[in-house]
Amino acid sequence: LQGDRMDAKAIQSEIKDVLAAFLLWQTKIDYLFDRAKNVGPVPQRTTPIQEERPVIALTDYSNAQISFLEGDAMYLMDNSDRMKWKVRNSSGQVGIVPAVIILIPAPLGEATDAAIRLRLQLLSLWTASVKRLGYQLIAFMLLVFRDWNDEEVALLQQMAMKDKRELLKTLDYIESTLGEHWHEYGDFQELQERIQRMRMIIEEAPESEVSNNEFLTTVVVQVKTLEELLKKCK
């Protein structure tokens, strides 16, 4: 990093690319998550259950033991026989019925668990990407808010009042925005000290109307670029 506009454009481009990739994968995972809700638990039809579970009747049925109507909610008690299952209806009747007329409703636990894991992995990758971009952004800011020499300090103090007010406003925005998430990061604490030094240089300067100096113009542009980058990150 050199602290120039090329670096700013590179960081801005990376932010754009990371966000686009995240939104793409978020769309895909949301689609898979919705599909997972409708995946029927087929393996549970062939694997003996360990405890009762809710099921739904697919048709009206009646025998000497039990009767129910299509859509009735019941409990599956035993599915060890793949052809005939033991169920209990809402009236407490228990009977053996054809397995084919009983529905184990979606979702399949394994499918939803897999979709949740994908969401968590995406969140982890997004968090890591944001942190990496944050490190880059703070490193870039440390180059912009460098240790000014005496000549540069004198020029900063000659800045036009309008530019001073705008610059102080931007400094406050940068510090408050980054401080919300990065206040414990060592480099941010160094950045805060440099921002404070620049704030003191500007605030202690006498009123002036110099605004066409190349150095001052560069400083104002750099600081405004930082504000734009932060807004992109948010």
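Residues numbered from 1 in each chain as written. Predicted model: local features only at pLDDT ≥ 70, side-chain atom pairs only at ≥ 80, totals over all residues. Heavy atoms only, no water.

Points about the sheet that holds strand 4 (residues 73-78)
Under the convention used in this document: Two strands pair if DSSP finds at least two bridges between them. Only DSSP runs of H or I covering at least 4 residues are called helices, and only runs of E covering at least 2 are called strands; the numbering of each starts at the N terminus.
Taken together, five strands build an open sheet; the order of strands is 6-5-4-1-7 and the sheet is antiparallel. With one partner strand each, in any of the chains shown, strand 6 (94-98) and strand 7 (102-103) form the two edges of the open sheet.

Thoughts on the pattern of salt bridges
Put simply, the rule is: A carboxyl oxygen of Asp or Glu within 4 Å of a side-chain nitrogen of Lys or Arg is what we treat as a salt bridge. Buried residues are those whose accessible area, probed at 1.4 Å on protein chains only, stays under 20% of the maximum for their type, while exposed residues exceed 50% and partly exposed ones sit between those limits.
All told, the structure shown has 11 salt bridges when counted by the stated rule. With a shortest N-O distance of 3.8 Å, Lys37 and Asp34 are connected by a salt bridge. Taking the relative accessible area as the measure of exposure, Lys37 reaches 43% and is therefore partly exposed. Note that Asp147 and Arg197 form a salt bridge whose closest N and O atoms lie 2.8 Å from each other. Of the two residues, Asp147 sits in the loop between helix 3 (109-144) and helix 4 (150-157) while Arg197 sits in helix 6 (residues 186-203), which places them 50 residues apart along the sequence. A relative accessible area of 53% places Asp147 in the exposed class.

As for the packing of aromatic side chains
Selection rule: In summary, the pairing rule links any two rings of Phe, Tyr or Trp, Trp by its six-membered ring, whose centres are within 6.5 Å, and it sorts them by plane angle into stacked for under 30 degrees, edge-to-face for over 60 and tilted for everything else. Both a distance and an angle decide whether a charge sits over a ring: NZ of Lys or CZ of Arg must be within 6 Å of the ring centre and within 35 degrees of the ring normal.
Within this structure, the stated rule accounts for six aromatic pairs. Ring centres of Tyr135 and Trp182 lie 5.3 Å apart, and the angle between their planes is 70°; on these two criteria the pair is classed as edge-to-face. One end of the pair, Tyr135, is in helix 3; the other, Trp182, is in helix 5 (residues 161-182), and 47 residues separate them in sequence. Clustering of aromatic rings is evident, with ring pairs tying together Tyr135, Trp182 and Tyr185. Lying over the aromatic face of Trp25, Lys28 brings its terminal NZ or CZ to 4.5 Å of the ring centre. Its guanidinium or amino end placed over the ring of Phe33, Arg119 lies 4.1 Å from that ring's centre, counting from NZ or CZ.

That is the geometry; function is a separate question.
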